[in-house]
Amino acid sequence: MDNLTIGFALTGSFCTHADMLHQIRRLKEDGANIVPIVSTHAGSMDTRFGTAADLKKQIFEITGVEPLDTIVLTEPFGPKIKLDALVIAPCTGNTLAKLANAITDTPVTMAAKAHLRNERPLVLAIATNDGLSGNAQNIGALIARKNVYFVPFGQDDPVHKPSSLVSHPELISETVQAALRGKQLQPVLRHW
């Protein structure tokens, strides 16, 4: 990861943010330059998992960079700012649906659209309660899309949440490394 520039975008699966901060730290320790991005919700909502201000503060402390939190700030990724890879982690069902249907109305979806223009890897670490229901078709559409890679995922609680799918955050770095070689880390489906 030495000297690679990795965009790391967080969306609103608030219960996973602590794990994602750990993964940002890990990428940074491996030598990557991190460009942090937060969705409108992740960057503005206070929840039982923490405040938006604290999330942004922690991201800054890890990366030394203020998180980008508007469409205007993320639009230049295609033409002006070149990332080696862009990670969306967590990638909610809402973000999956928008990416699958080319809807660009958040800082994260704008960053993804602009980044894909450069034909570089987009890595998705899903966290969605409807991955095996309403979002199954969107996962299928994105798995088939060029330059889109998935962090391996599985059912995190098949008894109580049978449609829920969550990626294994500890595999983000390995997935990025494979994606930079044009490969999907396998197997994609894994037990939790």
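The structure we're discussing is the one just above.
Note that the structure is predicted; figures quoted are calculated from it, not measured.

Attention now moves to helix H2 (residues 52-63). With 12 residues, H2 extends 17 Å from end C-alpha to end C-alpha; this agrees with the ideal 16 Å at 1.5 Å per step. When we look at burial in H2, the residues that qualify are Ala 52, Leu 55, Ile 59, Ile 62 and Thr 63. Viewed along the axis of H2, the buried residues span an arc of 95 degrees, placing them on a single side of the element. Exposed and oriented more than 90 degrees from the buried face of H2 are Ala 53 and Glu 61. Taken together, the buried residues of H2 touch strand E1 (5-10), helix H1 (17-29) and strand E2 (33-38). The first or second residue beyond H2 is Gly 64, which carries a positive phi of 75 degrees.

We now examine unusual backbone geometry. The linkage connecting Ala 89 with the following residue, Pro 90, adopts the cis geometry, with an omega of 0 degrees. Secondary-structure assignment places Pro 90 in strand E3 (residues 85-91). Following Gln 186, the chain continues to Pro 187 via a peptide bond in cis, the omega torsion being -15 degrees. In this structure, Glu 119 takes a positive phi of about 55 degrees despite not being glycine. Tracing the backbone shows Glu 119 in the loop between helix H5 (107-116) and strand E4 (122-128). Note on Glu 119: relative accessible area 53%, which makes it exposed. For Asn 147, which is not a glycine, the phi torsion comes out positive at approximately 70 degrees. Structurally, Asn 147 is set in the loop between helix H6 (136-143) and strand E5 (148-150). With relative accessibility at 15%, the residue Asn 147 sits in the buried group.

Criteria and cut-off values
- Residues numbered from 1 in each chain as written.
- Predicted model: local features only at pLDDT ≥ 70, side-chain atom pairs only at ≥ 80, totals over all residues.
- Heavy atoms only, no water.
- Helix = DSSP H or I, 4+ residues; strand = E, 2+ residues; numbered from the N terminus.
- Expected span 1.5 Å × (residues − 1).
- Buried < 20%, exposed > 50% of the residue type's maximum accessible area, 1.4 Å probe, protein only.
- Arc of directions from axis to C-beta.
- Contact = heavy atoms within 4.5 Å.

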